[in-house]
Amino acid sequence: MTDAVTADGLVKHYKEVKAVDGVSLRVPEGSVLGVLGPNGAGKTTTVRMLTTLIRPDAGSATVAGADVLRDPQEVRRRIGVSGQYAAVDEHLTGRENLEMVARLYHLPRGEAKARARELLAQFRLEDAANRPTKTYSGGMRRRLDLAGALVARPPVIFLDEPTTGLDPRSRGDMWEVINDLVGHGTSVLLTTQYLEEADRLADNIVVIDHGQIIAEGTADQLKAQVGGERLEITVADPALLDQAGDILAGVGDGAVETDRHSRRLIVPVSGGTQSLLAAVRRFDEASITVQDIGIRRPTLDDAFLSLTGHRAEQSEQSDEADVDNDNDNDEQLELAR
Amino acid sequence: MTTEQLTTGQIARPSAIGSFVSDGLTVAKRNLIKIRRVPDLLIFTTLQPIMFVLLFGYVFGSLAGSGASVQAGYREFMMAGIFTQTIIFGATITGYMMAEDMQKGVIDRFRTLPMHPSSVLFGRTLTDVLNNVIVLIVMSLTGLIIGWRLHGGALHALWAYVLMLLFAYALSWLFAFVGLRVRSPEVVNNASFMVIFPVTFIANTFVPSQNMPSVLKTIAGWNPVSTITQSARENFGNLYALKGNPQPTHAQVDKQTAYTWALQHPDLYTLIWTVVLLAVFVPLATSAYKKAVAK
Ligand SMILES: Nc1ncnc2c1ncn2[C@@H]1O[C@H](COP(=O)(O)OP(=O)(O)O)[C@@H](O)[C@H]1O
Ligand SMILES: [Mg+2]
């Protein structure tokens, strides 16, 4: 399989700040690479080097087969870029913005108009098409900006934090749009601070911090790096904690961790749901009332914590004792900005 | 699949010159839409010059003397000066707009498009010219209403306007460079006021410079603002308006008002400035543009 994007040893330093410090990555054609990292990790700088906006101090890169350093103009013909802040002209209408971009991609006038109309429909901006974009909501601006990146149907798209600052609903809309793109075979490199977003959209993830890649793989591989599944239970009666611990030792395949204060027990398991059912059966036989029980897989957040030693989002609160792991809780994502 | 994707994604490759011109016009069109949509800008563009003509004409005019004809003579005299000052302010719009586009990420977007690298600047500076043409028309009409007359013939007047627009165009490139290098549009505004007011006042724009104290007189004598004004006065036939006797254009050089070589050859001197400004700031602005990214 060919790669839509390759980067080898990209470096960009600003005086003391090692904004990007040796980043190498690949985006196989037709796939989505998620570049995941906290604020200041070097995501935007990486995207700017790949999209010809800034020259790297060292390293090389190709995009859609064109060399970023030697043939930037050719790269520009083959990419669509949506930057971190929606770069739409607020005094122009949505339609005028798209037509202008289409003309600057050198589409003939008629084609530019047709393409703008098509994109406005696709991004549900038809009703607002003839309004200046300063009347648009943040989500609409973002969508228009993304539409601008798609005007010339480029084979490779770069999206720098496409949902940062959006409310959960607009974020959901954006995810749909991006998923749609990928369905049509476009290669995408997107950056994000949101673990959930990378998990949802990306085929492959690189985790970046302080300008360096600290881990890469699929979401599952990254989670596996932090360890496997664990069974967590909370018992009703603190007096039965030891007895419950003995039972869990029989079900799991590792040491049982006991938290007396919260009456919680955690044990590594390998049998997934089978282990869960076995535990439930044995607790039932022993007449121990279980308040809460669940299999907990490590989240990307856990992965990030164990890889970097700090959480991905500084302002994020530590998660409560929620045992279920497969819901899309938007609340915790709202805080980062 | 690979090749098909790449080819559908590829964009027609116009010639460099074709792209330069058409991209520049696309950008200029965008700027014109903006002028139309932002009323402040439109008001600024049309009302401010009217206000200047009236204010300067009647307030400073009263300094010239007490007779009505003397004051009317001053109004004729100062028109060329106000024209010059106003079109110089017009050139700062480019600086402001470039800084704003940088800040908002619009330049980032342009720079990832397969455009000719100078076309954004070309489009932007071209918009200033169009803007200045509107301003000159409005000011000229206002001037005609308050009694300003051309005594030098239409062709000479036309040449005066062209020279002003050329010089302002070169200045637009200077301001484009400044706009690309500062942190915010407000900086351009404040800085340009700080610079443009002294530069346009230490000149023969509003008062004859030969009576200034010696240092100022010398600066004014070599200030291109003075030479544009001088040229316009000659071409409009307003050179002797202060003395109450309008003269035909290009009368013999008046040793009193034209006390430097620059003032004796105002067209040539202005053109030299224009060419030098362009030669310096077109490459500088282009190279700043090629490196510009939103902060
Ligand atoms: N033009 C610049 N000048 C100085 N420092 C910069 C510049 N651009 C980025 N940086 C610094 O480089 C680091 C990485 O920035 P960036 O790539 O924007 O991170 P991210 O997009 O992941 O938040 C930050 O510490 C930032 O302050
Ligand atoms: Mg960023």
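Note that the structure is a prediction, hence the values are computed from the model and not measured. (Residues numbered from 1 in each chain as written. Chains lettered and ligands numbered in written order. Predicted model: local features only at pLDDT ≥ 70, side-chain atom pairs only at ≥ 80, totals over all residues. Heavy atoms only, no water.)

1. Remarks on the overall build of chain A
Phase 1: Along chain A, the regular secondary structure elements total 11 helices and 14 strands.
Phase 2: Looking at chain A as a whole, 54% of its 337 residues qualify as buried.
Phase 3: Long-range contacts, defined as pairs at least 24 residues apart, comprise 67% of the intrachain contacts of chain A with a sequence gap of at least 6.
Phase 4: Accessible surface, chain A: about 14700 Å² in total, of which carbon and sulfur atoms supply 46%.
Phase 5: Here chain A contributes 38 positive and 55 negative side-chain charges, whose respective centroids are spaced 9 Å apart. (Helix = DSSP H or I, 4+ residues; strand = E, 2+ residues; numbered from the N terminus. Buried < 20%, exposed > 50% of the residue type's maximum accessible area, 1.4 Å probe, protein only. Contact = heavy atoms within 4.5 Å. Areas by Shrake-Rupley, 256 points an atom, 1.4 Å probe, with all protein chains shown as cover. Lys, Arg positive; Asp, Glu negative; His and termini not counted. Charge placed at Lys NZ, Arg CZ, Asp CG, Glu CD.)

2. Focus: the site of ligand 1
Residues and elements named next belong to chain A.
Phase 1: For ligand 1, the full set of nearby residues is Tyr14, Val17, Ala19, Pro38, Asn39, Gly40, Ala41, Gly42, Lys43, Thr44 and Thr45.
Phase 2: Gly42 has a polar backbone atom sitting 2.9 Å from an oxygen atom of ligand 1.
Phase 3: Take Lys43: an N or O atom from its main chain is 2.8 Å from an oxygen atom of ligand 1.
Phase 4: Among the residues making up the shell around ligand 1, the classes are represented as 5 nonpolar, 5 polar and 1 charged. (Near = heavy atom within 4 Å. Polar contact = N/O pair within 3.5 Å; in protein donor to acceptor, adjacent residues only side chain to side chain. Nonpolar A, V, L, I, M, F, W, Y, C, P; charged D, E, K, R; others polar.)

3. Notes on the coordination of the magnesium ion (ligand 2)
Phase 1: Distances from the magnesium ion (ligand 2) to its protein donors, A:Thr44 (OG1) and A:Gln84 (OE1), fall at 1.9 to 2.2 Å. With A:Thr44 in helix H1 (residues 43-50) and A:Gln84 in the loop between strand S6 (79-82) and helix H3 (94-104), this residue pair connects regions lying 40 residues apart in the sequence. (Donors = N, O, S within 2.8 Å, 3.2 Å for Na, K, Ca; no water.)

4. Quick look at the sheet that holds strand S5 (residues 66-67) of chain A
Strand pairing in a sheet relies on backbone hydrogen bonds, with the paired strands running either antiparallel or parallel.
Residue and element names in this part refer to chain A.
Phase 1: Taken in spatial order, the 4 strands line up as S2-S1-S4-S5 in an open sheet, and their pairing is antiparallel. Bordering the open sheet on either side are strand S2 (17-28) and S5, each of which pairs with just one other strand.
Phase 2: Pairing of strand S1 (residues 3-14) with S2 involves 8 bridges; the strand directions are antiparallel. Considered in S2, the bridge of Lys12 is made with Val20.
Phase 3: Here H1 sits on the sheet and contacts S1, S2 and strand S4 (58-63); the angle it forms with S1, its principal contact strand, is near 120 degrees. (Pairing = 2+ DSSP bridges. Axes fitted to C-alpha atoms, helices over the stretch in contact; angles between N-to-C directions.)

5. Description of the interface of chain A and chain B
Phase 1: In this complex, chain A contributes 39 residues to the contact, which on the side of chain B involves 33 residues.
Phase 2: The junction of chain A with chain B conceals about 3500 Å² of combined surface from both sides, 56% of it contributed by carbon and sulfur atoms.
Phase 3: On the chain A side of the interface with chain B, the three residues burying the most area are A:Arg77, A:Leu104 and A:His106, jointly 21% of the side's total.
Phase 4: Where chain A touches chain B, the interface holds 6 salt bridges.
Phase 5: We note a salt bridge from A:Asp89 to B:Arg30, for which the minimum N-O separation is 2.6 Å.
Phase 6: The interface formed by chain A and chain B contains 13 residue pairs in polar contact (both at pLDDT 80 or more).
Phase 7: Partitioning the side of chain A that touches chain B into residue classes produces 17 nonpolar, 10 polar and 12 charged. (Buried area = accessible area lost by both parts, 1.4 Å probe. Salt bridge = Lys/Arg side-chain N within 4 Å of Asp/Glu carboxyl O.)

6. Some thoughts on the packing of helix H5 (residues 138-150) of chain A against helix H6 (residues 168-183) of chain A
Between two packed helices, the angle of one axis relative to the other and the distance separating the axes together describe the packing.
All names here are of chain A.
Phase 1: Relative orientation of the contacting elements H5 and H6 amounts to 15 degrees, with a least axis distance of 10 Å. Considering their axes alone, H5 and H6 lie roughly parallel with respect to each other. Between H5 and H6 the crossing geometry is right-handed. Of H6, the residues touching H5 (which contributes Gly139, Arg142, Arg143, Leu146 and Leu150) are Ser170, Asp173, Met174, Val177, Ile178 and Leu181. (Parallel < 35°, antiparallel > 145°, perpendicular 65-115°, else oblique. Left-handed = near helix turned anticlockwise from the far one by under 90°.)

7. Overview of the nonpolar core
Phase 1: One finds A:Ile205, B:Phe83, B:Phe110, B:Met164 and B:Phe236 to be the most contacted residues of the largest nonpolar core, which totals 111 residues.
Phase 2: For this core, the leading source of residues is helix H7 (residues 154-181) of chain B, giving 16 residues.
Phase 3: Ignoring sequence-local partners within four residues, the contact set of B:Phe110 consists of A:Met100, A:Leu104, B:Arg30, B:Met115, B:Val120 and B:Tyr289.
Phase 4: Of all hydrophobic cores here, the second largest spans 30 residues; its members include A:Val5, A:Val75, A:Ile79 and A:Phe158. (Core = buried A, V, L, I, M, F, W, Y, C linked by side-chain atoms within 4.5 Å.)

8. With respect to the sheet that holds strand S7 (residues 156-160) of chain A
All names here are of chain A.
Phase 1: Strand order in the open sheet formed by 6 strands is S6-S7-S8-S3-S9-S10, with mixed pairing between adjacent strands. Each having just a single partner strand, S6 and strand S10 (212-217) make up the two edges of the open sheet. Strand after strand, the sheet turns through a mean of 15 degrees between neighbouring axes, direction not considered.

9. What to know about helix H6 (residues 119-145) of chain B
Along an α-helix, residues three or four apart share an orientation, since each turn contains 3.6 residues.
Phase 1: Its 27 residues give H6(B) an end-to-end C-alpha distance of 39 Å, which sits within 8% of 39 Å, the value for a rise of 1.5 Å per residue.
Phase 2: In terms of residue burial, H6(B) counts as a mostly covered element, since 19 of its 27 residues are buried. (Expected span 1.5 Å × (residues − 1).)

10. Examining the packing of aromatic side chains
Phase 1: Tallied over the full model, the rule gives 20 aromatic pairs over all chains.
Phase 2: Here A:Arg171 stacks its cationic end above the ring of A:Tyr194, 4.4 Å away from the centre of that ring.
Phase 3: Cation over ring: B:Lys217 sits above B:Tyr259, and NZ or CZ is 4.8 Å from the ring centre. (Phe/Tyr/Trp six-rings, centres within 6.5 Å; stacked < 30°, edge-to-face > 60°. Lys NZ or Arg CZ within 6 Å of the ring centre and 35° of its normal.)

11. Structural notes on the side chain of A:Lys43
Residues and elements named next belong to chain A.
Phase 1: Among the structural elements, Lys43 can be located in helix H1.
Phase 2: Of the residues examined, Lys43 reaches a relative accessible area of 3% and is grouped as buried.
Phase 3: The contacts of Lys43, once residues within four sequence positions are left out, are Val35, Gly37, Pro38, Glu161, Thr191, Thr192, Gln193 and Ile208.

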